[in-house]
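Survey of secondary and tertiary structure
Single-letter residue listing:
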Amino acid sequence: MADAKVIPFDDDRSRTRRRPGRAARDAAVRALPGQHGPEDGSDGPRAAGPAEPLEAVAGLEAVAGPDGGAGQEPVSEGRREGWERRLAGGLAFLRRRVTGEYEVDEFGYDKELTDQVLMSLVRPLAEKYFRVDVKGVENIPAEGGALVVANHSGTLPLDGLMMQVAVHDNHPAGRHLRLLAADLVFMLPVVNELARKAGHTLACAEDAERLLLAGEIVGVMPEGFKGIGKPFSERYKLQRFGRGGFVSTALRAGVPIVPCSIVGAEEIYPMLGNAKTLARVLGIPYFPITPTFPWLGPLGAVPLPTKWTIQFGEPIPTDGYPPEAAEDPMLMFNLTDQVREQIQHTLYKLLVQRRSVFF
């Protein structure tokens, strides 16, 4: 008759499954802090107590499976608590949205919705699709107002959203960028509400100055439709920066101007032509014709996955000028030209450093 196997009384909870091999158990026990094998002169591995399973002593679940191979890792207590906190936070967020217990500022900016929902929707596009590389974000002040001035391109204004995510996710002080948008944005249904919730406001001197004096970071793209709707043959060639209104606003508020150069947006929708008659009928600044749109229908509206770089340059201070400087046309012209030249020079430098449009 075969020899009988002795089943320890303190391991009755492991009877329903095969126990790991002795070699795996001994190795797991020796790996524990303060445990020594028989070769150290001890009596061998510590036995499990009456209410303590062997796996709790030797950590066998994380070391060996039923056949002595790699097993499944135990569920981390910290990980479970993290999921519970996320779930509780999500439910609390939904309750506040339903009951109206949330705050918006005088411009309609909803910080909680922007942080938890809108940025979460745009972030994968920046990180995974365009793979935006952010440089010099520390040039944006940690506190107080500042005016970020950037080039504009891409047929659709995705560059503004990418710049907003870049500041939101990368600034050491966690600053938020408030963009100045064209009238057309606030005339479109749904887009109007989302723009207001995300902190965008009308591109006018009054709103910009109020935001700057309140200590906000304000973003403006002076090229406007001339920049975003320019043909592909003129890519990365800055258009006229208007009449320098953004400089006047910065001077009145006494805030620095931070030039910003964006590379990668020009190629997402290569604009080969403009159906001006159709644009006039639809009441829009231009109707783009690209290699894929309108030929492929809605599929043609998918942007090309270009590699982006957003670089924030050295700030240009304005607090050293007297209050009446905002009315000096020559000073505004010089500062406008200085900002424009700095952005253009950085664009050329980034283009030289770029290996490929897509990598």
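Residues numbered from 1 in each chain as written. Predicted model: local features only at pLDDT ≥ 70, side-chain atom pairs only at ≥ 80, totals over all residues. Heavy atoms only, no water.

1. Digging into a nonpolar patch on the surface
A contiguous nonpolar surface patch, about 460 Å² in accessible area, is contributed by Trp295, Leu296, Leu299 and Val302. Within the secondary structure layout, Leu299 lies in the loop between strand E8 (288-289) and strand E9 (309-312). Classification of Leu299 by relative accessible area gives exposed; the value is 58%. (Patch = residues over 30% accessible without salt bridge, like charges linked within 9 Å, V, L, I, M, F, W, Y side chains within 5 Å. Areas by Shrake-Rupley, 256 points an atom, 1.4 Å probe, with all protein chains shown as cover. Salt bridge = Lys/Arg side-chain N within 4 Å of Asp/Glu carboxyl O. Helix = DSSP H or I, 4+ residues; strand = E, 2+ residues; numbered from the N terminus. Buried < 20%, exposed > 50% of the residue type's maximum accessible area, 1.4 Å probe, protein only.)

2. Remarks on the nonpolar core
Membership of the largest hydrophobic core comes to 30 residues, with the highest contact counts inside it found for Leu147, Val149, Phe246 and Val339. Looking at this core, the elements with two or more residues in it are strand E2 (146-150), helix H8 (205-213), strand E5 (217-220), helix H10 (245-253), strand E6 (257-263) and helix H12 (329-353). At seven residues, the largest contribution of residues to this core is made by H12. Sequence-distant contacts of Val339, defined by excluding residues within four places in its chain, comprise Val149, Phe241, Phe246, Ile257, Pro259 and Ile316. Judged by nonpolar contacts, the second largest core, of 28 residues, contains Leu158, Ala166, Ile268 and Trp308. (Core = buried A, V, L, I, M, F, W, Y, C linked by side-chain atoms within 4.5 Å. Contact = heavy atoms within 4.5 Å.)

3. Some points on the packing of helix H5 (residues 111-129) against helix H6 (residues 158-170)
Two elements in contact, H5 and H6, have axes whose closest approach is 10 Å; the angle formed by their N-to-C orientations is 110 degrees. With respect to H6, the axis of H5 lies roughly perpendicular. Residues Asp115, Met119, Val122, Arg123, Leu125, Ala126 and Glu127 of H5 pack against Leu161, Met162, Gln164, Val165, His168 and Asp169 of H6. Here the residues of the contact of H5 with H6 sort into seven nonpolar, two polar and four charged. (Axes fitted to C-alpha atoms, helices over the stretch in contact; angles between N-to-C directions. Parallel < 35°, antiparallel > 145°, perpendicular 65-115°, else oblique. Nonpolar A, V, L, I, M, F, W, Y, C, P; charged D, E, K, R; others polar.)

4. Considerations on the pairing of E2
Summarising burial for E2: five of the five residues are buried, a large majority. Note: E2 against E5, four bridges, orientation parallel. Note that in E5 the partner of Leu147 across the bridge is Val218. Here E2 runs beside E6; their pairing, made up of four bridges, is parallel. Along E6, the bridge assignment pairs Val149 with Pro259. (Pairing = 2+ DSSP bridges.)

5. So, H8
Every α-helix carries 3.6 residues per turn, so stepping three or four residues along brings you back to the same face. Three or more residues of H8 are buried, namely Asp207, Ala208, Leu211 and Leu212. One side of H8 carries all its buried residues, which in axial view fall inside an arc of 130 degrees. The exposed set on the far side of H8, more than 90 degrees from its buried face, consists of Glu206 and Leu213. Against the buried residues of H8 lie E2, strand E3 (177-181), strand E4 (201-202), E5 and H10. After H8 finishes, the residue Gly215 shows a positive phi value of roughly 85 degrees. (Arc of directions from axis to C-beta.)

6. Re the side chain of Glu223
Position of Glu223 relative to the elements: it lies in the loop between E5 and helix H9 (225-228). Filtering out sequence-adjacent residues up to four positions away, Glu223 remains in contact with Asn151, His152, Lys230, Lys237, Leu238, Gln239, Arg240 and Phe241.

7. Focus on the pairing of E6
Burial analysis of E6 places seven of its seven residues in the buried class, the great majority of the element. Judged by which residues are buried, E6 turns out to be covered on both faces: Ile257, Pro259, Ser261 and Val263 on one side and Val258, Cys260 and Ile262 on the other are all buried. Bridge count for E6 against E9 is four bridges, and the pairing is antiparallel. The partner of Ser261 across the bridge, within E9, is Gln311.

8. Digging into the packing of H10 against H12
At their nearest, the axes of H10 and H12 sit 9 Å apart, and the two run at 105 degrees to each other. Classified by the angle their axes make, H10 and H12 are roughly perpendicular. Where H10 approaches H12, its residues Phe246, Val247, Ser248 and Leu251 are matched on the opposing element by Leu331, Met332, Leu335, Thr336 and Val339. Residues that form the contact of H10 with H12 fall into these classes: seven nonpolar, two polar and no charged.

9. Concerning the environment of Thr306
Take Thr306: it is sitting in the loop between E8 and E9. Residue class for Thr306 comes out buried when judged on its relative accessible area of 0%. Expressed as a C-alpha distance, the spacing of Thr306 and Phe359, which sit 53 residues apart in the sequence, is 7.3 Å.

10. Brief notes about helix H4 (residues 77-99)
With 23 residues, H4 should reach 33 Å at 1.5 Å per residue; the first-to-last C-alpha distance of 33 Å fits that figure. Of the residues trailing H4, Gly100 is marked for its positive phi of about 80 degrees. (Expected span 1.5 Å × (residues − 1).)

11. Describing the confidence of the model for the protein chain
When pLDDT is low, close inspection of the predicted coordinates is not appropriate. Mean pLDDT over the protein chain works out to 83, with 79% of the residues at or above the 70 mark. Below pLDDT 50 for its whole length, residues 1-25 participates in 29 contacts with residues either more than four positions away or in separate chains. Long-range and interchain partners of residues 28-73, a stretch whose pLDDT sits below 50, account for 61 contacts in this model, where long-range means more than four residues apart. (pLDDT = per-residue confidence, 0-100.)

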